Every structure is written in structure tokens, then in C-alpha cells.
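Structural overview for review
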Amino acid sequence: MSEDEELPDLGGGSTRSSNSTAVSGGGGDHNYVSPSPDQVLENVLENVLCFLTSRRDRNAASLVCKSWYRAEALTRSELFIGNCYSVSPRRVTNRFRLVKAIAIKGKPRFSDFSLLPPDWGAHFGPWLSAMSRSYRALEKLYLKRMSVTDDDLSFAAQSFPILKELVMVCCEGFGTGGLAIVASGCREIRVLELMDSDVGDDEADWISCFPDNVTCLESFVFDCVEAPINFEALERLVARSPSLKKLRLNCYISIGQLYRLMIRAPQLTHLGTGSFSPLEIVAQGEQELNYFSAFAACKSLICLSGFREIIPDYLSAIYPVCGNLTSLNLSYANINAEQLKPVICLCHKLQTFWVLDSVSDEGLQAVSAACKDLRELRVFPVQALEDAEGPVSEVGLLAISEGCRKLQSILYFCQRMTNAAVVAMSKNCLDLVVFRLCIMGRHRPDHITGEPMDEGFGAIVKNCKKLTRLAVSGLLTDRAFSYIGQYGKLLRTLSVAFAGNTDLGLKYLLEGCPKLQKLEIRDSPFGDSALFAGLHHYYNMRFLWMSSCKVTRQGCEEIARQLPGLVVEVITRDREENETSEYVDTLYMYRSLDGPRADAPRLMVRPSLMICGKHCTSTECRFSIARSLDFTLSVWVPCISR
Amino acid sequence: MDKIPDKLSSSSEKNEVLNLEETELRLGLPGSEVSDKKAGNGFPLFGKDLKDETNNGFSQNPLKNIFSGAKRGFSDAIDGSYKWGLCINGGSEVDLGKNDVLFSPRGGGNGGVKNTNILQSCQPTTPQPVEGKKNENGSTTPASKAQVVGWPPIRSFRKNTLATNLSRNNDVTGKSGLDCLYVKVSMDGAPYLRKVDLKTYCSYAELSSALEKMFSCFTIGQYASHGLRGKEELSECHLMDLLDRTEYVLTYEDKDGDWMLVGDVPWEMFTDSCKRLRIMKGSDASGLAPRVIEKCKNQN
């Protein structure tokens, strides 16, 4: 149920575009004939590779020598493609022949916040074409931030007859029509999960398309599908799915319907409760269903979510399961502290808790008192505005830090914060791996001292020695970045917005954080000279994103010239005649083995160093874009043959 | 589901006659009077915020303004998200929705109080002028507190869902002042309920025609045997009439929790007090408050 969680390790490996992937034979092997690949395969496979599931281990094994490389390539069954443009599908299918599970990530994360044009890319089609030829035995498909069409889904259902798992997170481009094809075509499907995806309502009765016989469904997640569904068909589906353990309903399922499903599936471990409110007014005198007993019957329930349109009175129905819950997602439930308390005080085993700030600091204090085992907390804003009231503050953060010492991951939206609270958390929660604090007012300082938030974030990177992911906010000077560069030695992902004073800020990061993989920056005054400070490191990164900073076209061209293995995408909004800007709007660059992509919106290829073009409506694009809005997508790469 | 246009576009002309300038759809930079179609930088670049759709920009075709008649503020256009309401549930309507008219919210100085409220109170589902971003070198944002695209960093899905939920709790979030008003519409016998944004309509006539289209699939099916010729006939009469004929009543729950018959109070009063709608069989009405029955009787 995580947003942006690190991909659960499928055990495969990333196809890192490092020059060392194709390694020549070992230096010391001149004196005898290399054993045949079969022999190597036998030995290596037996002795080494069978123990290697982690993709990083496999990557390392593949670098030993050519024979190992080949043996590893023939035996790797799980692939992770962190950036769909870092490598071409063909190159992947040429190298790895026996793939059973693949995960592909497309757009950069900032596309979630409307910072990328809609038809920017990340099309699943090309991957599907290649895989349909080479990976017919594919069992698991995981897509994140990819653009997937109904035709793609149809083709996938045909191409992968034994597909068991299909998970799509933050994807778009398809609708319930496509889902209908998946339901009817993927006969072996065990896991069908759609999360935070934009699913068009084609008014297809896709639930009815599952085969009539007993299904092997284990996980069925469709809480993001914003379309009514055929409830009777769903009820029958649940009834004939004895292995079903995870079921997450969309908001069109009323609490009465939830009840009917629950009594049919008491074996559920993960439940998304849909709207959690009644469909119709309960007429006077009519007995309300005993939701409490329905929950009581689900003795295996450990994860609850949904509550999309909750009527708080019904919340007490979940009491019977609270004591067993390890995960509770109330982040769509607009409830206050008083309504939360009776629930949360029962949840002593809770490890993951997502909630809205409507519970206020007081609610968080209750969490802190009750959930001593908490590992992950996310507090979302009811009103995502810069100048809203903000019911949570440093008080809540402090309380959590004092009560939940095992905290590993936190995402906290607030309107005001203090350095003191952040410092306290850095000292109390030493296991923190992920620290994401979003003070919603831009450039907002410590609201008590008036100082920048430098010291708070500095303390986090200094004291939390396991930290790998950080998101900063509030008023921050270059000093904050110097701290991060100094102490953030394990940092892999960093998000920066409206922060810093000069190029020094970015320089500190690029020079100080050797493990930095994903750096996304917006609206910060970092320019070309800071950009050049990272030349030594960009090949080690998955991507760099800089939008509304002070990077110039020339700077981007220079980077592209110096680093031929990078693809440098620049997006510049077309402006009026009288309006110029020396800075590019968005820079997105990433390493790639296969050069610039061919599917950037409306590229016109010029036979020179630059490839650039004007954007306009793509015919493949499902959504039309007004013609009067233009931007230019430029992709720079030096003209080096591959 | 049928496409919307006919009734709604005629209503839109009516509104122009009524001179609702304050809520008139305008295109152009904040502070400008221009209804120019050309995009300036006042326009949101990326429409992803709108209901995570990729509706980037705006349509020039007023007929495609699915938000019938009422020329509303930008935030309304956005918050009238495609997930909800009759307008947007069909596949074809989804396309329609993609061409939805968008325009930048006007700056603080321009427009009436209503617009200012929209700006200040709406969720960041409203893509804001990118100007807000452009001025990022420490200069202040415009006085109208234009929000910045993609900030705070909340996924569109979550924003839209919460916006919908907020509008339900009118009491709790009095200050949210969202200019959208989603209410659930349930119809006895229909397998699922719908939602409509009451702010998209200006009159009972519009509401009823919208509901009629939304639920026509049920009524047609039910009453084909009564000799109705189907869509042609339905498009001629309001749901109210249909309901009268078929003994359905359109009722709503008001702020006090009472169930009332739709149509008795002035439209504005109705939208202020309506919490949910229910199309119920006349025979069931006897179980409700006497007022309803009385009103039913009066109508029939």
C-alpha cells in the first residue's frame, strides 16, 4: 500500500547502463582454453547463481568474466528496469532469455504532480512487443508510471498465457475495457492490482469477465478504479475465489455491500473497505447490518484501508480486528482526534499507519501512545494548500518521535514546523531510513525561532545513519545542503523544492553524496556551474530532475557533450514573443545505453547534434491537448554512433 | 449514456442573457479582459492535476463545455472531476471531458468576489498560473495567492478524492468554500449510485435532464413495456414528468436530515441544503416524513 515505495525486490537485477556490463575475459586466463559455456553454466549455476536472488548480487556476478556474464544472463529470471528509457527492450531481450518476472518503471516521480506533459512517453507498447516475442512464459508483470493502452492489455493477455501477476501503479492510458480483456484472457491470474492508476470508465462490466469457474485469485486490488462495478458479479467472483487473501474495493462499494463480501471471504488478510458508508438511507426501524460481527469473523485481517467516504459512526465496526492490525490506512478518512482515539488505542501491533491531518496533533499523540511498534507513518493534508490552517505541527511530530522509537519511514505534511522537533526526531528515531517532511508553505522558516530549517534537516542526516531517502522543505539555505553532503553518505533519493541560495547548495550534494541515485529538484536557484559539479557522478545515477531552476540550454548541451552516455531531455515552454527566459524549464537527464528515445512527443530529427521539436497533439495520445499550448521538448545527445 | 449537449448548450445561451458575467468563462492572463484563445503563460502547462487526466489546456468549443450553462470559475472546471457526475461516466463522455474548457483563474484584482473565493479556497486540483513558479527567485507570489503547479506534492488521485469528500462535509469544512457540491444520487433498484456536482446546474430543469440521462438506462428498461418509445420520448420530458408517470419521486435529504421533495424551494436554497438525492418509488415515500407525502399528493 505504499506510495513510492521501493520496488519489492523481485530478486532480479537492474540492467545498469554501466560500461562494465560487457566485460572481457579475465585477465589471468591466458594459459588455458576457457571452459565451454555449458560447463561454466553448470559450475557457476550450481555453486553460485542459484544462491543469488538479489539483483545487485547478480549484477556483480555478471561482471566477473564473459562466461559468468553469459551464464548469469541465461539464468536470471527476474528483471528490474528502473528507467524504461535507460535501455532498449531489444537489448534486454537479447541478453536475458529466461525472464519470468519483470518490473518496469517509466516516468519520473514528479510527473505525479503535473510537472510533465501528458504524453511525455513511458509507453508500454515497445516493451510489450519485445516481450511478447521473447518472454512468452512471463508470469509476473509490474509497471509503475507507465502509459498502458487497452490494446496493450489485450496484447499482453494474448502474449502471456500463464501470466499470474499483473500490478500497475500510477499508470494511465487504459480503461475498464482493457481490464475486461485482462479478466477474461488471463486465466491463470492470481494477482491483479491497480494502484493509484488512472483508469478510464468505459462502462465495461469487467468484473463479469472473469471466467466462471473457481479462480486462483489471491489478490484483487482495484480501489483506484473510479467507475461503478457490477456488485453481484463481484460477489459471485469472491465466492468462487477461495484463495483470495487481499481485496481492495473501490469507493463505489457501499458498506452494506462490503458486509456481503466479508461474510463470503472471512479468510481475507488485506481488506480495502470501499466507501464505508451506506448506499441508501437506512429507513427508520430497519435493522442495521452487524458490521461488527463481520469484522469479528475475519480473524486473519492484518491490513485495512479504504474508508473513502467514511461516516465516522461506522468506524467502531473495526474494533474486533484492531488488535491484529499491522497496517491501517485511514488516509482518505476525514476524522478527528476523538474519532480516531478509540480505534488507535486498540492497535498495539500497528506498524504502518497512514492518516489525514484532520486527526490533528492530538490524534498523533494518541498514535504515539498506542503504537509502540510503528515503523511507517504518513500524514496527509486534508487541504493541500499553502495557506491553510494546518491541524498538525511540530507537536505531533515530537509526540511521534517520543512514542514510536522504531520508526523507519515518515512522510509528514504540515503547515508549521520547528527545528527542535526535527532534531528531537533525529535523536529518538535512529532507525529512520526515509524522512520526508513537507512544510507546505514555501520558504517557511521555523515558526518559533524564525530561523531556516537547516539545523533540523542537518540533524536528521547526521544522526540517522541508515537514512537513504530524504525530502526537504521549508526555508533552507546552502548550509542545509552542506550538511546533507557532509553526512548523507547513504542517501539514494533526495527531493528538493524551493530551497537553497546559490550553486553551492547543489555542489555540496553532488560532491558529498556518493550513493545518490535519484535527485529531483524544483524551483531552486541552482545553475550550470552546479550542474557541472556532478559530471563525475551522473553515470551512477538513475536520473537527475531539475525544473524551474537556473540551468541554461548551453549548460545542458555542455553536459550532453561531455557525457555521451546520458540522455538530456529539456523541456521549455514556448513563450510569447516579448518574453524570453535564459533558463530551461525542465531538465531531465538519465543514463542510457541506447541513446535518445524515438518516442518523445513530436520530435523532428535534424541531422546535427541536436534533436528537438515542437510538441503538439500526438495522435496516439488518448487525451487531446489544446493547440495553443506549446512547449518544446529537446533531447540532446552527441552524435555518436552506437 | 448519451452525450450532453443539447439541453445544456441552450441553457448556456440563456445564462448569457442573464448576464452572469461574474461566472463567465474567460480566457486570458490574470487581470486581463481578454477572452483570447491564445495561450499565454497564465495557463497551466500540464493538466495532470485535473483529475489526473491529461487535459492540457482548454477546448475552444463551447459546446463541449460539459459544465452546462453555468460559467464557472476555473476551480469548478477542475473539481467537476471526470470521475463523478453524469457527465463523465461514459466512454464517449470521457472524451468529451478531455476537451473541457480550462482557463487560468483570474488574478486577485479582477472579477468579482466569487472568483477570489474560488482562488483562495480551492484545492490545488486547480492548476495555477505558472507565473507563480516563474517568480521563484524570492519574489512574492501574486496577491491572489496563486498556487503553484504541483505543490504541495500530492498525487492527483488523492487530491481529487479528498476534494470530493470535503464537499460532502459542508459543516465541518465551512471555510473550504469549495465551489463544487457533490451529492450522491441513488435510485431504488439501480445497482450503484452516482454522484453529481450540483454546482454544475443552474436549475431544476438541468438537474432533472442530467439525472434522466444518468439513470435513463434503468428507466428505459423498466418502462419499455409501457410503450415509451425510448430515448426520443425521454429526451422530451423531464425526469419529473417521467417520475410522475412511473411513480418515482425525486427526493433529497436536507441539512436537517429531512427528506423533501425536489422542486419546491428556489434553486439556490435547494443547492445550499441538499446533502443527497434519492430517486425513490412513490410507494416507498409513505415511509418518509409526512411532508414528502403531502407534497407528492400536491404534485399529483
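So, a few notes on the structure that sits alongside this text.

Analysis parameters
- Each chain carries its own residue numbering, running from 1 in the direction its sequence is written.
- The order in which chains are written sets their letters, starting at A; the order in which ligands are written sets their numbers, starting at 1.
- At least 70 in pLDDT is required for a residue's local features to be given in this predicted model, at least 80 for side-chain atom pairs to be given and counted, and no such filter applies to totals for whole chains, interfaces and linings, which use all residues.
- Side-chain figures throughout are based on the complete set of non-hydrogen atoms in the structure, without hydrogens or water.
- Only protein chains enter the area calculation, which uses a 1.4 Å probe; residues under 20% of their type maximum are buried, those over 50% are exposed, and those in between are partly exposed.
- Each helix corresponds to a stretch of at least 4 residues labelled H or I by DSSP, and each strand to a stretch of at least 2 residues labelled E; elements are numbered beginning at the N terminus.
- Being paired, for any two strands, means DSSP has found at least two bridges between them.
- Throughout, a contact is declared for two residues whenever any of their heavy atoms are within 4.5 Å.
- Centres within 6.5 Å are what make two rings of Phe, Tyr or Trp a pair, Trp counting through its six-membered ring; a difference in plane orientation under 30 degrees is then read as stacked, over 60 as edge-to-face, and the rest as tilted.
- Definition used: whenever NZ (Lys) or CZ (Arg) falls within 6 Å of the ring centre and also within 35 degrees of the ring normal, the charge is taken to sit over that ring.
- All axes are obtained by fitting lines to C-alpha atoms, using only the stretch in contact for helices, and the reported angles, taken between N-to-C directions, cover 0 to 180 degrees.
- Amino acids outside the nonpolar list (Ala, Val, Leu, Ile, Met, Phe, Trp, Tyr, Cys, Pro) and the charged list (Asp, Glu, Lys, Arg) are all regarded as polar, and Gly is one of them.

1. Focus on the pairing of strand β23 (residues 586-591) of chain A
Residue and element names in this part refer to chain A. Among the 6 residues that make up β23, 6 are buried, leaving the element largely enclosed by the rest of the structure. In terms of strand pairing, strand β21 (residues 543-547) meets β23 through 4 bridges, oriented antiparallel. Bridge assignment links Ser547 to a residue of β23, and that residue is Thr586. Pairing analysis gives 6 bridges linking strand β22 (residues 566-573) to β23, with the strands arranged antiparallel. Opposite Val568, over in β23, you have Met589 as the bridge partner.

2. So, unusual backbone geometry
Put simply, B:Trp151 and B:Pro152 share a cis peptide bond, and its omega is -5°. A positive phi angle is found at A:Asp523, which is not glycine, with a value near 50°. The residue A:Asp523 is located in the loop between β20 (518-522) and α19 (528-532) in this model.

3. Focus on the environment of A:Val191
All names here are of chain A. Turning to its location among the elements, Val191 is positioned in strand β7 (residues 191-195). Sequence separation of Val191 and Leu244 is 53 residues, and the distance between their C-alpha atoms is 9.3 Å. Those residues in contact with Val191, other than ones at most four positions away along the chain, are Lys164, Glu165, Leu166, Val167 and Ser219.

4. Focus: the packing of aromatic side chains
Here the distance between the centres and the angle between the planes together describe a pair of aromatic rings. All names here are of chain A. The final tally for this structure, using the stated rule, is 25 aromatic pairs over all chains. With a centroid separation of 4.8 Å and an interplanar angle of 70°, the aromatic rings of Phe276 and Phe307 are classed as edge-to-face. In this pair, Phe276 sits in the loop between β11 (270-273) and α10 (291-297) while Phe307 sits in the loop between β12 (303-305) and α11 (319-322), placing the two residues 31 residues apart along the sequence. Just as Phe276 is buried, Phe307 falls in that class too. An aromatic cluster is built from Tyr85, Phe110, Phe113, Trp120, Phe543, Trp545, Tyr588 and Tyr590, whose rings are joined through pairwise contacts. Across the ring face of Phe80, the terminal group of Arg55 is positioned such that the distance to the ring centre comes to 3.8 Å. The ring centre of Trp120 lies 4.2 Å from the NZ or CZ of Arg597, which sits over that ring.

5. Here we look at the packing of helix α2 (residues 55-62) of chain A against helix α3 (residues 66-75) of chain A
All names here are of chain A. Taken N-terminus to C-terminus, the directions of α2 and α3 make an angle of 145°; their axes are 7 Å apart at the nearest point. Contact residues: α2 offers Arg58, Ala61 and Ser62, while α3 offers Trp68, Tyr69, Glu72 and Thr75. Taken together, the residues of the contact of α2 with α3 sort by class into 3 nonpolar, 2 polar and 2 charged.

6. With respect to the sheet that holds strand β5 (residues 276-281) of chain B
All names here are of chain B. The strand order across the open sheet built from 5 strands is β2-β1-β5-β3-β4, with neighbouring strands paired in mixed fashion. The open sheet has two edge strands, β2 (194-197) and β4 (259-261), and neither has a second partner. Averaged over all neighbouring strand pairs, the angle between strand axes comes to 30°, with direction disregarded.

7. Regarding helix α7 (residues 176-185) of chain A
Burial analysis of α7(A) places 7 of its 10 residues in the buried class, which makes it a mostly covered element. Inspection of α7(A) places A:Thr176, A:Gly177, A:Gly178, A:Leu179, A:Ala180, A:Val182 and A:Ala183 among the buried residues, and these make up the whole buried set.

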